[in-house]
Amino acid sequence: MDRIAEHPILGNSPEGKMVTFTFDGKELSGYEGEPIAVALRVNGVMVHRYTAKRHEPRGVFCAIGRCTDCVMIVDGVPNVRTCITPLKAGMKVETQYGVTGKEGAL
Amino acid sequence: MKIEHKELIVVGAGPAGLSAAIEAAKSGVKAIVFDENSKPGGQLFKQIHKFFGSKEHKAKIRGFKIGQDLLQEAEKLGVEVVLNATVVGLYPEKEIIVKIGGEVIHYKADAVLIATGASENMVNFRGWTLPGVIGAGAAQTMMNLHHIKPGNRVFMLGTGNVGLVVSSQLLQAGCEVVALADAAPKIGGYGVHASKVARTGVPFYLSHTIKEVEGEDHVTGVTIAQVDEHFQFIPGTEKHFAVDTICVAVGLSPMAQLLKMDGIVMDDTKGRTVPKCDRTGATSIPGIYAAGDVAGIEEASSAMIEGRMSGSAIAAYLGYLSSDSSEHRVDTLENSLSSLRQGMFAPENRGKKIETTEEGIAISQNLLKAGFVTDDEITRFPGFRKEMKVHPVLECTQNIPCNPCQSACAKGCISIGEHMTSLPISVDGSTCVNCGMCVASCSGQAIFLVAEETRAGFGEVTIPYEFLPLPAEGDGGFALGRDGKKLCETTITRVRTSKAYDGTALVTMEVPTEYIDKARFYKKIG
């Protein structure tokens, strides 16, 4: 999804510092400090994790850290709520499979 | 384990919590506010529309500005706001456990205010867990805090004020809203909010809900169908839309878990669990208060007043204010709160079918079904008036507690009177000077300046416009009706922006006189 460059009420969007991070090994970029989920959405990433039993895709639902649908493995730590975790340069973000594991580990 | 002592602990730095802390601090109470988010203000900073009410309720001020003002006031009074602080437990004797970063801290307070707000409801349909199905609040968060489009083509489920306002905001952010649907037979939110959306051409489907959302890894489409009076799908009524995003706005529920865990007496009678409170939010446990949505879902405007009432009562409870002074202050605030709880959308009118306005005028049925008042219906309302010269036409047809338009006009062209829910009257014989202040003052964007004839066969309509790109003088395009359908070609004759209009641009278009009472939106060619 696109960034809103100019908004009729909020004006020009603040210019952040562009940093790079990886998503499943692929290098992507986003603004430092914005939620990881926002940077992912701008890059077209909608699936954050797959459920353990049915292997169903899940992504952002509430965007305020409440529902935990958007959790991913960030820098090796699973179950990180990406909608409220600020993006940092060099972060390693990975799709989560089940509650902790990576694909194949289930 | 060390226990830290605090006079007043407020849980939640939204409109209710901040207002309570401010009010208590004014009397000398040392207040600390915990909020689990990284930014204070609750949902206020996502509210980019102008608020309703009267001046005392901060009407016609945009939500985020109200948030900034509250934070400033709190800071000035020495209220401590601790962010990224999740309150995980409320225990007997007002003991509170807070997780701040990686640390867990044990507090004990003399008084506690719970202002945790509400969480969004959800409905189940096939595909509801697919990425791309989001809460309406998520859409607001993405657009208005993080400056991204939640989706390109969006379907909105729910026509309460949240669904309507977020639909408007999606359009402002440059997203396409393909349709709104509601299982209820009528639009639940303010007609003026619906009309803002309808006049851009977005259709409403009442008595319809989602049957299925499709997509492999993310949403690619939605099928809706009509439901009967028992909310069962009617076969053969399916409609399909290709969309990438589904927004769900089906109500809110109080987040009362902390109150429940402390054993506070709850009230389940209204279909949701809220604490039993007196008018100041005092719960069944002395010294523990609740304010805002956690005590019953309402608007941010009411949450701020409720917070102030609790804050004043807490100051008295802690001995910083005499009970007489507090009672007096609470009386005043309660009057202000009562004025917001009037009209067709008042809490006591929920679920009731209202056929006529307080003035005895038949309600526009089309407004409830399709989101706009028809060309025939509008003429029976007191805001509609015909005059050759420029004059305001007030398309406000439901009794809602809101009156900034009356004071916006220095020339007395608009009258609401004493009762703030009365429909505004476009005053006969008054002299409009075309200042545009009324148009910009209307939170519902329901005021238009109309001049029946400015040259032979043509007149002008001035509309509120909060979209980009802003049209320029001389631009061609189409005038759209209240239904969002093309009426005729038009030329923009004037575009006004001003600090006094606070973000609302006034766009004047010239249309043939026969369309003067119909043209209410502008669309550029192409």
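Residues numbered from 1 in each chain as written. Chains lettered and ligands numbered in written order. Predicted model: local features only at pLDDT ≥ 70, side-chain atom pairs only at ≥ 80, totals over all residues. Heavy atoms only, no water.

**A closer look at the overall build of chain A**
Right, so step 1: Helix and strand content of chain A: one helix and ten strands.
Right, so step 2: At 14 Å, chain A has a C-alpha radius of gyration in line with the 13 Å of a compact globule built from 106 residues.
Right, so step 3: When its C-alpha atoms are laid out on the principal axes, chain A stretches across 45 × 25 × 20 Å.
Right, so step 4: Buried residues in chain A amount to 51% of all 106 residues.
Right, so step 5: For chain A, contacts bridging at least 24 residues in sequence account for 41% of all contacts bridging at least 6.
Right, so step 6: Put simply, chain A shows about 5,200 Å² of open surface, and 50% of that area lies on carbon and sulfur atoms. (Helix = DSSP H or I, 4+ residues; strand = E, 2+ residues; numbered from the N terminus. Rg over C-alpha atoms; globule rule 2.2 N^0.38 Å. Buried < 20%, exposed > 50% of the residue type's maximum accessible area, 1.4 Å probe, protein only. Contact = heavy atoms within 4.5 Å. Areas by Shrake-Rupley, 256 points an atom, 1.4 Å probe, with all protein chains shown as cover.)

**Structural notes on the pattern of salt bridges**
Right, so step 1: Per the stated rule, a full pass over the model turns up 31 salt bridges over all chains.
Right, so step 2: R308 of chain B is paired through a salt bridge with E73 of chain B; the nearest N and O atoms lie 3.3 Å apart. Of this pair, R308 of chain B sits in helix α7 (residues 300–317) while E73 of chain B sits in helix α2 (residues 63–76), and the two are 235 residues apart along the sequence.
Right, so step 3: Salt bridges linked by common partners bring R49, R54, E56, R58 and D69 of chain A together as one network. (Salt bridge = Lys/Arg side-chain N within 4 Å of Asp/Glu carboxyl O.)

**Notes on the interface of chain A and chain B**
Right, so step 1: Contacts between the two partners involve 28 residues from chain A and, on the opposite side, 40 residues from chain B.
Right, so step 2: Interface of chain A and chain B: buried area, both sides summed, is about 2,900 Å²; carbon and sulfur atoms make up 65% of it.
Right, so step 3: Between the two partners, chain A and chain B, sit one salt bridge.
Right, so step 4: The shortest N-O distance in the salt bridge between R66 of chain A and E36 of chain B comes to 2.5 Å.
Right, so step 5: Inspection of the region where chain A meets chain B yields seven residue pairs in polar contact (both at pLDDT 80 or more).
Right, so step 6: Elements supplying a minimum of two residues to the side of chain A that touches chain B: β1 (6–7), α1 (36–42) and β6 (57–58) of chain A.
Right, so step 7: The biggest single contributor to the side of chain A that touches chain B is α1 of chain A, with three residues.
Right, so step 8: Classifying every residue of the side of chain A that touches chain B gives 18 nonpolar, three polar and seven charged. (Buried area = accessible area lost by both parts, 1.4 Å probe. Polar contact = N/O pair within 3.5 Å; in protein donor to acceptor, adjacent residues only side chain to side chain. Nonpolar A, V, L, I, M, F, W, Y, C, P; charged D, E, K, R; others polar.)

**Regarding the domain arrangement of chain B**
Residues and elements named next belong to chain B.
Right, so step 1: What the domain assignment reports for chain B is domain 1 (3–119 + 253–340), domain 2 (122–250) and domain 3 (371–524).
Right, so step 2: A separation of 32 Å is found between the C-alpha centroids of domain 1 and domain 2.
Right, so step 3: Tallying the contact residues gives seven residues for domain 1 and eleven residues for domain 2.
Right, so step 4: Of the roughly 830 Å² buried where domain 1 meets domain 2, counting both sides, 60% is carbon and sulfur surface.
Right, so step 5: If you sort the residues of domain 1 by the area they bury against domain 2, K46, I48 and F52 come out on top, with a joint share of 60%. (Domains from an automatic or database assignment.)

**Overview of unusual backbone geometry**
Residue and element names in this part refer to chain B.
Right, so step 1: A cis geometry characterises the amide bond from L468 onward to P469, with omega recorded as -5°.
Right, so step 2: Position of P469 relative to the elements: it lies in the loop between β24 (458–465) and β25 (476–480).
Right, so step 3: Its identity as a non-glycine residue notwithstanding, F231 has a phi of 60°, on the positive side.
Right, so step 4: Inspection of the secondary structure puts F231 in the loop between β13 (221–226) and β14 (239–241).

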